[in-house]
Amino acid sequence: MSAPATTVEDYQKTFLELGLECNALRFGSFKRKSGRQSPYFFDLALFNSGKLLANLATAYAIAIIQSELKFDVIFGPAYKGIPLAAIVCVKLAEIGGTKFQDIQYAFNRQEVKEHGEGGIIVGASLEDKRVLIIDDGMTAGTAVDKALEIISIAQGRVVSCIIALDRQEVVNESDPERLSATQSVSKRYNIPVLSIVSLTHVVQFMRGKLSPQQKSAIDDYRKVYGV
């Protein structure tokens, strides 16, 4: 018996439709930084207009609201996480009801500021706060490691991370556990890692839209690198 199809919710469909529209999501053959030849490409930086950012913020916000997480501050690691933290904080206040009205945001400087207010954290204080890390993606989890260190030094407590796309592929093929980056981070820090969509959602959404060659390339890639 085949596995049940993954449900792609309306906000996820909108996110993926806009990803295709702005070429943030495309299919072909793309060499990744890891050296892997991927059958698809995803770059959240191409969500770069007011329309795209508004819808992106909505997608993040809905995923967060549905998770029922309890947190005080959204933390965006420099640099890509900075605008994400800001726009999602605003969107949560707009659509999340009263309990999200006082959610704050913060981000880190790349270098410690020695004058003025000083320090490395900009925005809300993280001391004794429950912190949600937001970023575009997760390849090996090293960016999250750094963010967690910064937050720990600032005396905050990370309760979760959220990214746009969970690629659902192994970090290291020789790892007998075959953990993905999100699974590895979740296990290492005992926190949930959320995403707007996973590759499984992408494949389900693109059913009937991909050529036989494109579908075969994705299937073959997942056989080698999938979790």
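For the structure itself, look to the data block above.
Residues numbered from 1 in each chain as written. Predicted model: local features only at pLDDT ≥ 70, side-chain atom pairs only at ≥ 80, totals over all residues. Heavy atoms only, no water.

Some points on the packing of helix α2 (residues 50-67) against helix α3 (residues 81-95)
A pair of packed helices can be characterised by two numbers: the angle between their axes and the separation between those axes.
Move 1: Between α2 and α3, the least distance of the axes is 8 Å, while the angle of their chain directions is 65 degrees. As far as their axial angle goes, α3 and α2 are roughly perpendicular. At the point where α2 passes α3, the crossing takes the right-handed sense. For the pair α2 and α3, the contacting residues are L53, A54, L56, A57, T58, Y60, A61, I62, I64 and I65 in the first and L84, I87, V88, K91, L92 and I95 in the second.
Move 2: A breakdown of the residues in the contact of α2 with α3 according to their chemical character gives 14 nonpolar, one polar and one charged. (Axes fitted to C-alpha atoms, helices over the stretch in contact; angles between N-to-C directions. Helix = DSSP H or I, 4+ residues; strand = E, 2+ residues; numbered from the N terminus. Parallel < 35°, antiparallel > 145°, perpendicular 65-115°, else oblique. Left-handed = near helix turned anticlockwise from the far one by under 90°. Contact = heavy atoms within 4.5 Å. Nonpolar A, V, L, I, M, F, W, Y, C, P; charged D, E, K, R; others polar.)

Some points on the packing of helix α1 (residues 10-21) against α2
Move 1: Relative orientation of the contacting elements α1 and α2 amounts to 150 degrees, with a least axis distance of 10 Å. What the angle tells us is that α1 and α2 run roughly antiparallel. Seen from above, α1 lies across α2 with left-handed handedness. Residues Y11, T14, F15, L18 and E21 of α1 pack against K51, L52, N55, L56, A59, I62, A63 and Q66 of α2.
Move 2: By residue class, the composition of the contact of α1 with α2 is eight nonpolar, three polar and two charged.

Some remarks on the packing of aromatic side chains
Move 1: The tally for this structure, following the rule as stated, stands at six aromatic pairs.
Move 2: Plain terms: the ring middles of Y221 and Y225 are 4.8 Å apart, the flat faces sit at 55 degrees to each other, and that makes the pair tilted. Linking Y221 with Y225, this pair stays in helix α7 (residues 212-225), spanning four residues, or about one helical turn.
Move 3: Taking relative accessible area as the criterion, Y221 reaches 6% and is therefore assigned buried.
Move 4: Y225 gets classed as buried once you look at its relative accessible area, which sits at 16%.
Move 5: Within the aromatic cluster, the residues linked to one another by ring pairs are F15, F42 and F47. (Phe/Tyr/Trp six-rings, centres within 6.5 Å; stacked < 30°, edge-to-face > 60°. Buried < 20%, exposed > 50% of the residue type's maximum accessible area, 1.4 Å probe, protein only.)

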